[in-house]
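In case you want the letters, here they are:
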Amino acid sequence: MELTYDNTGFKITHKGRVVLKHSETNPALYLGVGQSTFDMYRGNFDIKDYLTERLPLKQFTVTENAEDYVITLSLNGQGALIARVFETAEQRLKIEFTSLDETYNRFWIRIAATEDELVYGCGEQLSYFNLRGKNFPLWSSEPGVGRNKNTYTTWQADVKDKAGGDYYNTNYPQPTFVSDKKYFCHLETTAYADFDFTHALYHELQCWSIPEYLLFDAEASFPELMTNMTDVFGRQPALPEWVYNGVILGIQGGTEITLNKIAAAKEAGIEVAGVWCQDWQGIKMTSFGKRLQWDWQWNAALYPELDTKIHQLKEQGIRFLGYINPYVLQDFPLYNEAQRQGYLATQSDGSKYLVDFGEFYCGVVDFTNPDACAWYKDIIRHNMIDFGLDGWMGDFGEYLPTDCTLFNGESAEIEHNKWPYRWAKVQHEAIAEAGKTNDILFFMRAGGTGIQGYCHALWAGDQSVIWEKDDGLASVIPAALSAGLMGNGISHSDIGGYTTLHGNRRSKELFQRWAEMAAFTPIMRSHEGNRPDDNHQYDTDAETMAHLARMTKIYKHLKPYIRSAVIENATKGMPVQRPLFMHYEQDSEAYHIQYQYLFGRDLLVAPVYNQGETVKQLYLPEDEWVHVWSGKVFMGGWVEVDAPVGQPPVFYRKQSKDARLLAEISRY
């Protein structure tokens, strides 16, 4: 790290890269004053800021010490902000910020950029992989239905439910980005942030508080950068071995239906690793569709004899998974207990606070209260782990309202983006304390800084059952790639999508194409959707079941290959689904590919995401690639291959040490 300065400005460089240039004529730091309003409707937020001041910090002094530089930035001759600049023991650049005037609650910093630079990350982004040319508000929320203001689906969702969303809406935002120049930049804040990548010569990072620090580091290669970043944020544990044995079938309706569907699936040749019965604790019907009874204990009326059947299934090699989230249903036993113990977030006067989840109301378990965390971990251990569940969906985490009052006294606006981290930590610790980290799988859609070390797997949220790029099959590809670059290298999605609204219905072709992609992701899992009767299901007809059987056999065949990639994620932070540039850094075209990915080092996957498409154009980086189905060898560049249903465009590297295993995919 080097800081050079004179009377007119200063410049900070790190490992030969200019990080920040500040002068009187081109300031890099600003402070301001704003008043925010957050209007939440069922996890969708309408956010506004009334900005009264935005002031450049032109005046500064630099104090040079043995271990650091201290920059004091002033407004009208009065100190407003201190920036302590130093290099950490790991040789990362760190700039710590201290406010000297509490008047200012808005902060901007400009990171030096080049005109041709590309950037990625900011958590999980579903519409864009390369973020250059747009700004990205960073606030955990429902991702929206449709997610494109120009589509009919989004318009209908906005008009009817205030839920249409936009390109930047995400369950998992993170104030971190990665550059094609092989550096990462992280702003440590949980406040609302907005990263603006529209300027040619700088990236402007904004947040609605004074951040704790900025962290920056660079490496010679992307794999080294991934290890560096995950040394900071943490790494996901390896998956339990049973996950690789096949699909986790999403089934609802009770014990008899579940057992019958398992038997039929096995008879059809489907490799079944587990069943995911999200309604294990009961159901509630709403106008949205089939919802769940949020009181986290076995519903013996809907699932009779599950307490014994769950163990019999395990003896057959089939695991049982359930569902939980961090809220408790009003006037049900867990809510009443939490209310008595003082474990719920409250109104400012201490009275009860309820959140509308769509025709039912819930209390927010206050994870800033250590006793509430311990209580919820006990519920997970006793009601789920001890009962015999081998995993669950850890849903939500995005709904913390900004006007509730929390145990730790911190503003809920500041805690909001941290809530997914707190929720993941509770689940992870419950599993770890039960000694089951290597055997239980849980997955979340919500995320934030630091979730990497606690969330065992992501799923991409509630895609619509459509072909549209922003909210359909295609969207989960940049979602996995962007989240993977943040250190969440185990991601997957609901096979076939979830949200059935405004006339959208899952077709057979969409389900099959989604299943084909899922066979080349770390986890295969299906979902019936919010309106099961309107959707094509895996067992709607024999042809769909036969197709899924093939895909599960391919996934199971790849078990040693996938396991190796998952272990690399757990030990080095290398995502299982990787952007093409991860291993082809000199290939300029690779940086623009967002709907293909490397699955591990040696498989390249280009999912079919357009309805009716049977011939696929795709890009191969320069190498010897073997088309799995035809055996034809390609040397790179844009190519065209046949891609009928059942033969998704998949290639393996001819020089792979696993070439024999990968070539055998074509046997299925």
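Residues numbered from 1 in each chain as written. Predicted model: local features only at pLDDT ≥ 70, side-chain atom pairs only at ≥ 80, totals over all residues. Heavy atoms only, no water.

(A) Spatial organisation of the overall build of the protein chain. For the protein chain, the count of helices and strands is 13 helices and 37 strands. Compactness check: the protein chain gives a C-alpha radius of gyration of 25 Å against a globular reference of 26 Å for 668 residues, within 12% of the reference. Referenced to the eigenvectors of the C-alpha coordinate spread, the extents of the protein chain come out at roughly 80 × 65 × 50 Å. Per-residue burial over the protein chain gives 63% buried out of 668 residues. (Helix = DSSP H or I, 4+ residues; strand = E, 2+ residues; numbered from the N terminus. Rg over C-alpha atoms; globule rule 2.2 N^0.38 Å. Buried < 20%, exposed > 50% of the residue type's maximum accessible area, 1.4 Å probe, protein only.)

(B) The arrangement of the nonpolar core in detail. Counting 166 residues, the largest nonpolar core has W294, F320, Y376, L441, F520 and L603 as the members making the most contacts within it. When residues in this core are grouped by element, the largest group, eight residues, is from helix 6 (residues 370-385). Sequence-distant contacts of L603, defined by excluding residues within four places in its chain, comprise F520, L558, Y561, Y597, L598, V650, F651, Y652, L662 and I665. F136, A193, F195 and A218 belong to the second largest nonpolar core, which has 45 residues in total. (Core = buried A, V, L, I, M, F, W, Y, C linked by side-chain atoms within 4.5 Å. Contact = heavy atoms within 4.5 Å.)

(C) Highlighting the domain arrangement of the protein chain. Parsing the protein chain into structural domains produces domain 1 (2-233), domain 2 (241-326 + 368-576) and domain 3 (581-667). When each unit is reduced to the centre of its C-alpha atoms, the spacing between domain 1 and domain 3 is 35 Å. Listed by partner, the interface residues are 13 residues for domain 1 and nine residues for domain 3. When the buried surface of domain 1 facing domain 3 is broken down by residue, Y120, F129 and F222 rank first, second and third, together holding 48% of it. Between K182 and E585 there is a salt bridge; the shortest N-O distance is 3.7 Å. Where domain 1 meets domain 3, there are four residue pairs in polar contact (both at pLDDT 80 or more). It is helix 2 (residues 222-233) that provides the largest number of residues to the side of domain 1 that touches domain 3, a total of three residues. Residue composition of the side of domain 1 that touches domain 3, by class: eight nonpolar, three polar and two charged. (Domains from an automatic or database assignment. Buried area = accessible area lost by both parts, 1.4 Å probe. Salt bridge = Lys/Arg side-chain N within 4 Å of Asp/Glu carboxyl O. Polar contact = N/O pair within 3.5 Å; in protein donor to acceptor, adjacent residues only side chain to side chain. Nonpolar A, V, L, I, M, F, W, Y, C, P; charged D, E, K, R; others polar.)

(D) Representation of the sheet that holds strand 17 (residues 213-218) in the model. Across the sheet, which stays open at both edges, the eight strands sit in the order 6-7-8-9-17-14-13-11 with antiparallel pairing between neighbours. With partners counted over all chains shown, the strands left at the sheet margins are strand 6 (59-64) and strand 11 (119-123), one partner each. Taking each pair of neighbouring strands and ignoring which way they run, the sheet shows an average axis angle of 15°. Bridge analysis of strand 8 (residues 78-87) against strand 9 (residues 93-99) gives seven bridges, and the strand direction is antiparallel. Its bridge partner lying in strand 9, L81 is registered against S99. Here helix 2 sits on the sheet in contact with strand 13 (173-179), strand 14 (183-188) and strand 17, set at roughly 155° to strand 13. (Pairing = 2+ DSSP bridges. Axes fitted to C-alpha atoms, helices over the stretch in contact; angles between N-to-C directions.)

(E) Fine view of the packing of helix 10 (residues 508-518) against helix 11 (residues 542-557). Viewed as axis vectors pointing N to C, helix 10 and helix 11 meet at an angle of 10°, and their least axial separation amounts to 9 Å. By the angle class used here, helix 10 and helix 11 are roughly parallel. Listed contacts from helix 11 to K508, F511, Q512, A515, E516 and A518 of helix 10 are E543, T544, H547, L548, M551 and Y555. (Parallel < 35°, antiparallel > 145°, perpendicular 65-115°, else oblique.)

(F) Examining the sheet that holds strand 16 (residues 202-207) more closely. Reading across the sheet, the six strands line up as 5-4-10-16-15-12 and stay open at both edges, with antiparallel pairing between neighbours. Pairing within the sheet leaves two strands with one partner each, and these edge strands are strand 5 (44-56) and strand 12 (135-138). Taking each pair of neighbouring strands and ignoring which way they run, the sheet shows an average axis angle of 25°.

(G) Representation of helix 3 (residues 255-267). Compared with the 18 Å implied by 1.5 Å per residue over 13 residues, the 18 Å span of helix 3 between its first and last C-alpha is a close match. All buried positions along helix 3 are accounted for by T255, T258, I262 and A265. Down the axis of helix 3, the sector holding all buried residues measures 100°, keeping them to one side. Structural note: helix 3 exposes E256 and E267 on the side pointing more than 90 degrees away from its buried face. Of the surrounding secondary structure, the elements contacted by the buried residues of helix 3 are strand 18 (247-250), strand 19 (272-276), helix 4 (306-315) and helix 11. (Expected span 1.5 Å × (residues − 1). Arc of directions from axis to C-beta.)

(H) Just the side chain of T170, in detail. In this structure, T170 sits in the loop between helix 1 (152-161) and strand 13. In this structure T170 touches E124, Q125, L126, W139, S140, S141 and P143, once residues within four positions along its chain are discounted.

(I) Structural detail: the side chain of Q236. Along the chain, Q236 falls in the loop between helix 2 and strand 18. At a separation of 2.9 Å, a polar atom in the side chain of Q236 contacts the main-chain amide nitrogen of I490. Here the side chain of Q236 touches N569 through a polar contact of 3.1 Å, side chain to side chain. In this structure Q236 touches Q452, C455, H456, A457, L458, G487, N488, G489, I490, N569 and A570, once residues within four positions along its chain are discounted.

(J) Spotlight on empty space enclosed by the protein. Counted by the stated rule, this structure contains three cavities of 30 Å³ or more. Computed from the structure, the largest cavity encloses a volume of approximately 80 Å³. Lining the largest cavity, in full, are A460, V476, I477, A480, S491, H492, S493, W514, M517, A518, T521 and Q577. Taken together, the residues of the lining of the largest cavity break down into seven nonpolar, five polar and no charged. (1 Å grid on protein atoms, 1.4 Å probe; cavity = no way out; pocket = protein on both sides within 12 Å on 5 of 7 lines; lining within 4 Å. Points joined across faces, edges and corners; volume = space filled by probe spheres on them.)

(K) Representation of a nonpolar patch on the surface within the structure. On the surface, Y152, W155 and V159 cluster together into a nonpolar patch covering about 370 Å² of accessible area. By secondary structure assignment, the location of Y152 is in helix 1. (Patch = residues over 30% accessible without salt bridge, like charges linked within 9 Å, V, L, I, M, F, W, Y side chains within 5 Å. Areas by Shrake-Rupley, 256 points an atom, 1.4 Å probe, with all protein chains shown as cover.)

(L) Representation of the packing of helix 6 against helix 8 (residues 419-433) in the model. Across the interface, helix 6 lies against helix 8 with an axial gap of 9 Å and an inter-helix angle of 55°. In terms of orientation, helix 6 and helix 8 fall into the oblique class. Note that helix 6 runs across helix 8; the crossing there is right-handed. Listed contacts from helix 8 to C373, Y376, K377, I380, R381 and I385 of helix 6 are W423, V426, Q427, E429, A430, I431 and E433. For the contact of helix 6 with helix 8, a count of residues per class yields eight nonpolar, one polar and four charged. (Left-handed = near helix turned anticlockwise from the far one by under 90°.)

(M) Structural view of the pairing of strand 10 (residues 106-112). Summarising burial for strand 10: seven of the seven residues are buried, a large majority. Burial of strand 10 is two-sided: the residues R106, W108, R110 and A112 facing one way and the residues F107, I109 and I111 facing the other way are all buried. Pairing of strand 4 (residues 29-41) with strand 10, which is carried by four bridges, proceeds in the antiparallel orientation. Across the sheet, Y30 pairs through a bridge with W108, a residue of strand 10. In terms of strand pairing, strand 10 meets strand 16 through six bridges, oriented antiparallel. Note on strand 16: the bridge partner recorded for W108 is Q206.

(N) Representation of the packing of aromatic side chains in the model. As enumerated under the stated definition, the model contains 54 aromatic pairs in all. Consider the rings of Y327 and F396, whose centres lie 6.4 Å apart with planes at 80°: the pair is edge-to-face. Residue Y327 is located in strand 23 (residues 327-329), and its partner F396 is located in the loop between strand 26 (391-394) and helix 7 (412-415); the two are separated by 69 residues in the primary sequence. Of the residues examined, Y327 reaches a relative accessible area of 0% and is grouped as buried. Here the aromatic cluster, defined as three or more aromatic residues joined through ring pairs, consists of Y128, F136, Y167, Y168, F177, Y183, F195, F197 and F216. Lying across the ring of Y30, R54 places its NZ or CZ 4.3 Å from the centre. A cation over a ring is seen here: K134 above Y167, with NZ or CZ 4.9 Å from the ring centre. (Phe/Tyr/Trp six-rings, centres within 6.5 Å; stacked < 30°, edge-to-face > 60°. Lys NZ or Arg CZ within 6 Å of the ring centre and 35° of its normal.)

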